[in-house]
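Coordinate analysis (summary)
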Amino acid sequence: MSSYNSSGFDVNSKDLDSSERHDRLSELPDSLILSILSFLSMYDVVRTTILSKRWKDLWVTIPCLHFIIIRDIHFRYVDFINGALAQWKCSKMLKFSLHLSYQFGHSFDSDIHSWLLFAIEKQVEELSIDLDSRYSNFVAPQRLYSCSSITKLSLAFHDLEIEDKVQWNKLKSLTIRVDESLSEEVMNQVLCGAPHLEELILSFREISKNLNIRSTSLKMLKIDAYTSSCNAAVLGIWAPNLVTLEISGVVYHDYSLVPSCTHVILSLKKSDWEFLPCENFTQVFGSISHVEKLTLSEWCIKLLLFMKDRNMDVPFSNAKFLKLYVHEDDEMLDVFVFFPKLMHTIIDHRDDKDPSYFVAPKHLDTLDYHKAFFRSPSLVELRTVEITWSAGDASIIQVMECLSEKAHKLEKMVLQLRMAGEEKTLLEDIYPICLGHICMFGNL
């Protein structure tokens, strides 16, 4: 039979004669129940009221509110959210998240405003707003930018429009996902108003202007862009305490990076590299040549090898850790020539090759580098190798043979195979190569 809880929401439950059964759920302490409910969406939280008599009113004291709407928003969901907030009685709001993934139009902007203001008035600590920017040019209430209680903030909508001074004095982590890259003025407002910001994630659909990051508190910075409409966009980073830097997506025309971080993740895409002079990429790699930990995508590996053919290679003389995402094993082996002090490497190989061909940067010809690895010096410091490989690809045997030959101090080799079925023949061929090392096999 259908039943309705205090919010008026139909939970479609069966009649459970709990009075005649031992109710173990009701014996759980409130703190544990609330902790469990904090991981659920509010829709599911309200539905749990049928599980136990004691849970009937417990949901109104949950400190974390998650509203997730994955279908076209309409008044039924608006009424549900309004009803849930009206009955909420918790003394402190730890988290508030709103995720709308379908068209909602401007007719609901006032409701969204009221929900955000509710969270702000309750001095929310972690706030996440994710609105599908394809369907709305939503403008957040200005009080959002002066909410001093927020420690973690995630904003995903069309654009940021900041009219007053930003006052995020307790903010430690900030994620911004918008259509176009932020203006220099808005970026300065954000960074100046968040003096204790340690983690910053920026995601743009399109690079349309220069981006400058200046912060003395930042320790982690991630920048991602899908497309570019500005061929002269410059990325500038001045963050003397930065530890981890991740740049992914399309390429900026020019880079100005302060060499402070020790861990860099480069996941650049092909984009329009052919229109950029190779000196641009020498500048990128040169600005991070000091790092101790480096992660490279397939296209970054190709760039390094092309640059080496033109005597523009950049040695990573301090790098002790290297993670590679590769599709072709010959390229993966060749790149080790750049890392003479490498001690630990992780190789993630996938057989779903990109059908598009590699386009070299401007003024750069094609290079045949299949033999480059065999001309490289030995990996004299390499101690640990971790490999994830597709079990159906027998080229792993050659890779392991080469690494065993070059790494004279190799102590540990971990191999995880993505198995579709039994690959006994391949494992039998690999086993003799691994003698003398600690080798583990996994099934992913």
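See the structure above.
Predicted, not measured: the structure shown is a model, and the values here were computed from it. All residue numbers here refer to positions counted from 1 along the written sequence of the relevant chain. Thresholds applied to this predicted model are a pLDDT of at least 70 for local features of residues and 80 or more for the giving and counting of side-chain atom pairs; totals over whole chains, interfaces and linings are not thresholded and use all residues. Excluded from the side-chain calculations are hydrogens and water; all other atoms, namely the structure's heavy atoms, are used.

**Details of the overall build of the protein**
The criterion, for reference: Secondary structure follows DSSP: runs of H or I at least 4 residues long count as helices, runs of E at least 2 residues long count as strands, and numbering of each begins at the N terminus. Accessibility here uses a 1.4 Å probe with only protein chains present; expressed as a share of the type maximum, an area under 20% marks a residue as buried, one over 50% as exposed, and anything in between as partly exposed.
A tally of regular secondary structure across the protein gives 11 helices and 18 strands. Taking all 444 residues of the protein together, the buried fraction comes to 50%.

**Re the sheet that holds strand E7 (residues 211-214)**
Quick reminder of the rule: Here, strands pair whenever DSSP counts at least two bridges between them. A fitted line through C-alpha atoms serves as each axis, taken over the contacting stretch for helices, and the angle formed by two N-to-C directions is quoted from 0 to 180°.
An order of E7-E9-E11 is seen for the three strands of this open sheet, with the pairing classed as parallel. Of all strands in the sheet, those bounded by a partner on one side alone are E7 and strand E11 (254-257). Within the sheet, the average angular offset between the axes of one strand and its neighbour, ignoring direction, is 0°. As judged from the four bridges shared by E7 and strand E9 (residues 234-238), these two strands associate in the parallel manner. Along E9, the bridge assignment pairs arginine 214 with tryptophan 238.

**Concerning the nonpolar core**
Spelled out, the test is: Put simply, buried Ala, Val, Leu, Ile, Met, Phe, Trp, Tyr and Cys residues joined by side-chain atoms within 4.5 Å make one nonpolar core. Any two residues whose heavy atoms approach within 4.5 Å are treated as being in contact.
If you look at the biggest cluster of nonpolar residues, it comprises 131 residues, and the most contacted ones within it are Phe96 and Phe285. Beyond its immediate stretch of four places on either side in the chain, phenylalanine 96 contacts Leu65, Phe67, Leu85, Trp115, Ala119, Val124, Glu126, Leu127 and Ser128.

**Section: the packing of aromatic side chains**
Note the threshold: Think of it this way: a Phe, Tyr or Trp ring, Trp meaning its six-membered ring, pairs with another when their centres are within 6.5 Å, and the plane angle makes it stacked under 30 degrees, edge-to-face over 60, tilted otherwise. Throughout this description, the term charge over a ring refers to an Arg CZ or Lys NZ atom that lies within 6 Å of the ring centre and within 35 degrees of the ring normal.
Evaluated as defined, the whole model comprises six aromatic pairs. Both rings, one in phenylalanine 316 and one in phenylalanine 339, keep their centres 5.1 Å apart while their planes meet at 10°; by these two values the pair is stacked. Here phenylalanine 316, found in the loop between helix H7 (298-309) and strand E14 (321-326), pairs with phenylalanine 339, found in the loop between helix H8 (329-334) and strand E15 (344-349); they are 23 residues apart in sequence, far enough to count as distant. Taking relative accessible area as the criterion, phenylalanine 316 reaches 0% and is therefore assigned buried. Owing to a relative accessible area of 0%, phenylalanine 339 belongs among the buried residues under this scheme. Linked through ring pairs, Phe285, Phe316 and Phe339 together constitute an aromatic cluster. Across from the ring centre of tryptophan 238, 4.8 Å away, lies the NZ or CZ of arginine 214, which sits over that ring. Its end group placed over the ring of tryptophan 299, lysine 302 keeps NZ or CZ at 5.8 Å from the ring centre.

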